[in-house]
Amino acid sequence: MNYERVFVFMENKMCALILAGGEGTRMKSNRPKVLAEVLFKPLIHWVTDAVKNAGIDDICVVTGSKREFVEEYLKTLPYPVETVFQPERLGTGHAVMMAKSFLEAHKGQKIIILGGDAPFISSDVIKAAFEAGKDTACTVITAEVDEPKGYGRIVRDKDGISLKAIAEEKEADDETKKIKEINSGAYCFDADTLTESLGKLTKSAKTGEYYLTDTIEIIKNSGKSVIAYKAENSDVVLGANDRVQLAQLNEKARMKVLEMHMRNGVSIPCTDGVIIGTDVKIGANTVILPATVIRGKSIIGSFCEIGPAALIDGRIIEDGINTK
């Protein structure tokens, strides 16, 4: 372990703001999008866990439409989470403005800002972005993707580190559109610098919204540095706007979990229909057969045979048990 790096991270205390005000209309749900589930776990829970696992204790979530659902769910988490309400959908900049008191309570700190519907942001990426930008006013977390269409392109300065601009799809020229490095929508700011720049934000003449990305230009114009940190795994940008995309997230997460268990000595000879939740623990030399679903805080011992077509929900199964 790099103890020096851990010390630096802990010494420079950090807080987190998670934007979760989206309605998720295309989900065709009566609940906010951030409560849609990937592997039986709401999107917002994936994000708060990543923040907490990065060593950040002070977390604030900006809620919006049907906020009571999100607020009630957050109360069930094993750690405290503050909430603030965005009464109108006036853009990402406006959402952050609603957390003014939270920002002021964390003067002198770094603040990570994340989308509540992007479940694959990791604690490692959060810590690495902090480390990369500990001496800068803002760090934009980026990723390189094969199909960048629709995303803001990252234009770097000649030094290859500093951010020159985020070119939105509609404004980018043909050469800029060839860039495959994109804005993930996650940022690490100096809380004081962010508070100051929010006071200078103006509404978009076209949409009437305040955009958080506009603070980057404000910060650069003030003479402070802004850098781009590229995450090694492009999954950090993934989210879901409808049920089809949600299914794609579930499949990606499902295979990651199955591969993790297999590398730890669990045998899954055929992965068809096998779904294992993120909190499940399985001992080595256990066999999981097709169409088996294991969820909750289930604990399965070693040398077991589970399935086929079994449902294990929050159970403890001792070593050597065959569920046939």
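Every chain begins its residue count from 1, and numbering advances along the sequence as written. Under the rules for a predicted model, residues below a pLDDT of 70 receive no local features and side-chain atom pairs below 80 are neither given nor counted, while totals for whole chains, interfaces and linings still include all residues. Side-chain measures were taken over the full set of non-hydrogen atoms in the model, leaving aside hydrogen atoms and water.

Student: An account of the sheet that holds strand S15 (residues 293-295) is requested, with residue identities and associated values reported.
Tutor: An order of S12-S15-S18 is seen for the three strands of this open sheet, with the pairing classed as parallel. The sheet is open, and its two borders are formed by strand S12 (275-276) and strand S18 (311-313), each paired with just one other strand. In this sheet, S15 lies alongside S12 in parallel orientation, the contact comprising two bridges. Opposite Ile-276, over in S15, you have Ile-294 as the bridge partner. Pairs of strands are assigned from DSSP output, requiring at least two bridges between the strands. The secondary structure listing takes helices from DSSP runs of H or I that are at least 4 residues long and strands from runs of E that are at least 2 residues long, numbered from the N terminus.

Student: Tell me about the layout of surface pockets, and name the residues and values.
Tutor: Its volume calculated, the second largest pocket comes out at about 540 Å³. Buriedness of a pocket was judged along seven lines, with at least five required to meet protein on both sides within 12 Å; pockets are open sets of points on a 1 Å grid over the protein atoms alone, cavities are sets where a 1.4 Å probe fits but cannot get out, and lining residues have an atom within 4 Å of a point. Surrounding the second largest pocket, 21 residues form its lining, Trp-46, Pro-119, Phe-120, Ile-121 and Ser-122 being those nearest its centre. Where the lining of the second largest pocket is concerned, the elements lending two or more residues are helix H2 (43-53), helix H6 (123-132) and helix H9 (243-263). By residue number, the principal contributor to the lining of the second largest pocket is H2, which donates four residues. A breakdown of the residues in the lining of the second largest pocket according to their chemical character gives 11 nonpolar, five polar and five charged. Grid points are joined across faces, edges and corners, and a volume is the space filled by probe spheres set on the points. Any residue outside Ala, Val, Leu, Ile, Met, Phe, Trp, Tyr, Cys, Pro, Asp, Glu, Lys and Arg is labelled polar, Gly included; the first ten of those are nonpolar and the last four are charged.

Student: Which residues make up the environment of Ile-218, and what values do they have?
Tutor: Positionally, Ile-218 belongs in helix H8 (residues 214-221). Residues Ile-218 and Gly-239, spaced 21 residues apart in sequence, show a C-alpha to C-alpha distance of 28 Å. Working rule for contacts: check all heavy atoms of both residues, and any pair within 4.5 Å makes them a contact. Setting aside chain neighbours within four positions, we find Ile-218 in contact with Ser-197, Lys-200 and Leu-201.

Student: Provide a residue-level description of the packing of aromatic side chains, including the pertinent values.
Tutor: Pairing of aromatic rings covers Phe, Tyr and the six-membered ring of Trp, with a centre-to-centre limit of 6.5 Å; geometry is then stacked below 30 degrees between planes, edge-to-face above 60, and tilted otherwise. Per the counting criterion, the structure on display carries two aromatic pairs. Measuring from centroid to centroid gives 5.9 Å for Trp-46 and Phe-120, while their planes differ by 85 degrees, and the two rings are edge-to-face. Separated by 74 residues along the polypeptide, Trp-46 in helix H2 and Phe-120 in the loop between strand S6 (110-115) and H6 bring together distant segments of the chain. The class for Trp-46 is buried, based on a relative accessible area of 14%. Cation placement over rings: the criterion is NZ of Lys or CZ of Arg within 6 Å of the ring centroid and within 35° of the ring normal. In this structure, Lys-256 packs its charged tip against the face of Phe-120, placed 4.6 Å from the ring centre. Note that Arg-295 overlies the ring of Phe-40, its terminal NZ or CZ placed 5.5 Å from the centroid. Remark: exposure states derive from per-residue accessible area (1.4 Å probe, protein chains only) relative to the maximum for the residue type, with buried under 20%, exposed over 50%, and partly exposed in between.

Student: Describe the side chain of His-94, listing the residues and the values that go with them.
Tutor: Locating His-94 in the fold gives a position in helix H4 (residues 92-97). On the basis of relative accessibility, which here comes to 9%, the residue His-94 falls in the buried class. Setting aside residues up to four positions removed in sequence, His-94 forms contacts with Gln-86, Glu-88 and Tyr-210.

Student: Describe the pattern of salt bridges, listing the residues and the values that go with them.
Tutor: By definition, a salt bridge exists where a carboxyl oxygen of Asp or Glu is found within 4 Å of a side-chain nitrogen of Lys or Arg. A full pass over the atoms with the stated rule returns 16 salt bridges. Notably, a salt bridge pairs Lys-41 with Asp-49, separated by 2.8 Å at the nearest N-O pair. With relative accessibility at 11%, the residue Lys-41 sits in the buried group. Of the charged contacts, one joins Lys-178 and Glu-175 as a salt bridge, the two residues approaching to 3.5 Å between their closest N and O atoms. Like Lys-178, the residue Glu-175 is exposed in the burial classification. Salt bridges sharing partners connect three or more residues here, namely Asp-235, Lys-252 and Lys-256.

Geometry only, nothing functional implied.
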